[in-house]
Amino acid sequence: MGENKNVKEKVSLITRNLQEVLGEDKLHSILQERDLNVYWGTATTGKPHVAYFVPMSKIADFLKAGCEVTILFADLHAYLDNMKAPWDLLQLRTQYYEHMIKAMLESIGIQTEKLKFVKGTDYQLSREYTLDVYKLSSVVTQHDAKKAGAEVVKQVEHPLLSGLLYPGLQALDEEYLKVDAQFGGIDQRKIFTFAEKYLPALGYAKRIHLMNPMVPGLTGGKMSSSEEESKIDLLDKKEDVKKKLKRAFCEPGNVENNGVLSFVRHVLFPLHGEFVILRDEKWGGSKTYVEYDELENDFRDQIVHPGDLKNSVEIVLNKLLDPIRKKFQTPEMQQLIRGAYPVPKKQQKGAPKAPAAENNEIIPSRLDIRVGRIISVEKHPDAESLYVEKVDIGEPQPRTVVSGLVQYVSAEELQNRNVIMLCNLKPQKMRGIESQAMLLCASLEGEKRKVEPLNPPKGSEPGERVFVDGFEDGTADDELKPKKKLFEKLQIDFRISDDYTAQWQKKNFMTKLGAITCKSLKGGIIS
């Protein structure tokens, strides 16, 4: 009975807060005989941010359960994923990741000598591994490889062969690291099921797969290494942490997509077993929670105010970040940061500009689409069908926008509402007034044409980036060239879905807080 209880306790630690486990029977079977051998891998691309504390807290759970844990720095994967890490920076970025991950683990009290650290290129360039890559390529279909990487590998219209290789290499890692289980996010599920299907084709065993939910970032829906304002960097100063947390979506009573609450649930409770809300005596004084559900219920019932929650998280988060900041203050670490993530050199004054590389990909990430807030609406002095709006898009000065909405939307409906703006069109004069952006609307033809401005998610702020799901890491053009007609080519596939969501090729337009929608024009076009 004692042994069975021990197994149950280990299973509970290994699986708590996970969204899904594939191979749970095998997990129980192995733990009846010995401790589990598990690995977690991270591609060494952009700088790790505070969302990395989520897998770190699970690694702490694995160690408490007696697991042998391997951390893989997937340097080769970083290059294969659309060259997110250039080959000449690969070694330095891998060093940065190793120092940063170890610093994170130490900050949450994990002794790193209990862990095994491996670089992908330590074994992925071996003769045996390379032969297995060829063997795998002889049985995997292009469809299955593309499908497996859809949630992980950057998606482009004309994918590189490297992106198709990525899922197979990740599957082979399970065999070459000699583990029982792989741990990752639920976004890795298609790669995990790919591994379960194809590893046996090479004579290798299926592994257990442990999946974290996709936890909202502290500052919104999803943290991205490539989008500075969507993340809290592990080396951010305290004042930057305060500023970013202040802007975080944390609506009173709303526990859905609340990144601040999610951080408490998935990081702070597993690490400390409790969380303290710090507040003034006139609001009830400080309160210690030993069960997350009680905290969530109090927040839902508005007993806990968002400001008190953010302030309390800020204090604990800075305690986690302080030893990391200190470690990276040394001259050696500063030199490593500069080498791994060099700042582009500013062009010298007076020097001729180098010709920009031509980008011919027809992909939505080239569009600079942002949330805007209309701060004033007036009729155009020389055109009865046009409005002239002043729109805040997160820049120092509002932009002037001319739009032909007079027949469809009243000025009162537009005033002070959030809208979606295309911001990198070439400015164009409309009846003598220069329009500096385009207000995107859904429209539906019929006996009478109907038009509605698109709606960003509730809680959106001016300047927040809008992206197409799967294309969030791209860089927008500075200005769209009219002769290239990039917007027109993309706009052909802009539609409103049956659930009133704005889409490009059936992929949702998103901000960090969720999908872009319209009120009633199902099946409409977007322009």
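Residues numbered from 1 in each chain as written. Predicted model: local features only at pLDDT ≥ 70, side-chain atom pairs only at ≥ 80, totals over all residues. Heavy atoms only, no water.

Peer 1: Mind showing me how you'd approach the pattern of salt bridges here?
Peer 2: Oppositely charged side chains can form a pair if their charged atoms are brought close together. In total, this model carries 23 salt bridges according to the counting rule given. For Asp 61, the salt bridge goes to Arg 16, with nearest N and O atoms at 2.7 Å. With Asp 61 in helix α3 (residues 53-64) and Arg 16 in the loop between α1 (2-15) and β1 (20-22), this residue pair connects regions lying 45 residues apart in the sequence. For Arg 399, the salt bridge goes to Glu 395, with nearest N and O atoms at 2.9 Å. Residue Arg 399 is classed as buried on the basis of its relative accessible area, which comes to 14%. Residue Glu 395 is classed as partly exposed on the basis of its relative accessible area, which comes to 27%. Within the structure, one salt-bridge network assembled from shared partners comprises Asp 368, Arg 370, Glu 395 and Arg 399. (Salt bridge = Lys/Arg side-chain N within 4 Å of Asp/Glu carboxyl O. Helix = DSSP H or I, 4+ residues; strand = E, 2+ residues; numbered from the N terminus. Buried < 20%, exposed > 50% of the residue type's maximum accessible area, 1.4 Å probe, protein only.)

Peer 1: For this particular structure, what's the right way to read the environment of Thr 15?
Peer 2: Its place among the elements puts Thr 15 in helix α1. For the pair Thr 15 and Leu 89, spaced 74 residues apart in sequence, the C-alpha to C-alpha distance is 36 Å.

Peer 1: In this structure, what is going on with the packing of aromatic side chains? I would like to understand it.
Peer 2: The way to describe two aromatic rings as a pair is by their centre distance and the angle between their planes. Applying the stated criterion to the full structure yields 15 aromatic pairs. Members of the aromatic cluster, joined through ring pairs, are Trp 40, Tyr 52 and Tyr 97. Note that Arg 449 overlies the ring of Tyr 408, its terminal NZ or CZ placed 5.5 Å from the centroid. (Phe/Tyr/Trp six-rings, centres within 6.5 Å; stacked < 30°, edge-to-face > 60°. Lys NZ or Arg CZ within 6 Å of the ring centre and 35° of its normal.)

Peer 1: How should the confidence of the model for the chain be read in this particular structure?
Peer 2: Low-confidence regions, as indicated by low pLDDT, have predicted coordinates that should not be scrutinised in detail. For the chain, the average pLDDT comes to 88, and 91% of its residues sit at 70 or higher. Across residues 221-228, confidence stays below pLDDT 50; counting only partners more than four residues off in sequence or on other chains, it has 27 contacts. A low-confidence stretch, residues 351-357 stays under pLDDT 50, and its non-local contacts, those more than four residues away or across chains, total three contacts. (pLDDT = per-residue confidence, 0-100. Contact = heavy atoms within 4.5 Å.)

Peer 1: Looking at this structure, I do not really get the environment of Val 21. What am I missing?
Peer 2: Among the structural elements, Val 21 can be located in strand β1. The exposure class assigned to Val 21 is buried, which follows from its relative accessible area of 19%. A C-alpha to C-alpha distance of 9.1 Å links Val 21 and Asn 212, two positions 191 residues apart in sequence. Setting aside residues no more than four positions away along its own chain, Val 21 makes contact with Thr 15, Ile 208, His 209 and Leu 210.

Peer 1: What exactly am I supposed to notice about the environment of Glu 488 here?
Peer 2: Here Glu 488 is to be found in helix α16 (residues 486-491). Residue Glu 488 is classed as partly exposed on the basis of its relative accessible area, which comes to 41%. When the C-alpha positions of Glu 488 and Leu 439 are compared, they lie 15 Å apart, and in sequence the two are 49 residues distant.

Peer 1: What is the right way to read the packing of helix α5 (residues 90-107) against helix α13 (residues 306-327) from this model?
Peer 2: Two quantities define a packed helix pair, namely the angle between the helix axes and the distance between the axes. The N-to-C vectors of α5 and α13 enclose an angle of 140°; their axes lie 9 Å apart at closest approach. In terms of axis orientation, α5 runs oblique to α13. When the axes of α5 and α13 are compared, the crossing they make is right-handed. Each of His 99, Met 100, Lys 102, Ala 103, Met 104, Glu 106 and Ser 107 in α5 lies in contact with α13, whose residues at this interface are Leu 320, Pro 323, Ile 324 and Lys 327. Of the residues in the contact of α5 with α13, the class split is six nonpolar, two polar and three charged. (Axes fitted to C-alpha atoms, helices over the stretch in contact; angles between N-to-C directions. Parallel < 35°, antiparallel > 145°, perpendicular 65-115°, else oblique. Left-handed = near helix turned anticlockwise from the far one by under 90°. Nonpolar A, V, L, I, M, F, W, Y, C, P; charged D, E, K, R; others polar.)

Peer 1: Would you mind showing me how to read the sheet that holds strand β2 (residues 37-43) here?
Peer 2: Picture the strands of a sheet paired through backbone hydrogen bonds; they go either parallel or antiparallel. Taken in spatial order, the six strands line up as β1-β6-β5-β2-β3-β4 in an open sheet, and their pairing is mixed. The sheet is open, and its two borders are formed by β1 and β4 (115-119), each paired with just one other strand. Each neighbouring strand pair of the sheet contributes to a mean axis angle of 25°, computed without reference to strand direction. Where β1 meets strand β6 (residues 208-212), three bridges bridge the pair, whose relative direction is antiparallel. Note on β6: the bridge partner recorded for Glu 20 is Met 211. Against the sheet, helix α8 (residues 161-176) contacts β2, β3 (68-74), β5 (181-185) and β6, and its axis sits at roughly 150° relative to β2. (Pairing = 2+ DSSP bridges.)

Peer 1: For this particular structure, what's the right way to read the pairing of strand β12 (residues 418-422)?
Peer 2: Put simply, side chains in a regular strand alternate between the two faces of the sheet. Of all five residues in β12, five are buried, a share of seventy percent or more. Residues Asn 418, Ile 420 and Leu 422 line one face of β12 and the alternating positions Val 419 and Met 421 line the opposite face, and both faces are buried. Across five bridges, strand β9 (residues 369-379) lies against β12 in antiparallel orientation. Its bridge partner lying in β12, Val 371 is registered against Ile 420. Two elements, β12 and strand β15 (residues 438-439), share two bridges in a ladder whose sense is antiparallel. Bridge pairing in β15 places Met 421 opposite Leu 439.

Peer 1: How should the packing of α5 against helix α14 (residues 331-340) be read in this particular structure?
Peer 2: Viewed as axis vectors pointing N to C, α5 and α14 meet at an angle of 135°, and their least axial separation amounts to 8 Å. The angle between the axes of α5 and α14 places the two elements in the oblique class. The hand of the α5/α14 crossing is left-handed. Contact residues: α5 offers Leu 92, Arg 93, Gln 95, Tyr 96 and His 99, while α14 offers Met 333, Leu 336, Ile 337, Gly 339 and Ala 340. Broken down by class, the residue content of the contact of α5 with α14 amounts to six nonpolar, three polar and one charged.

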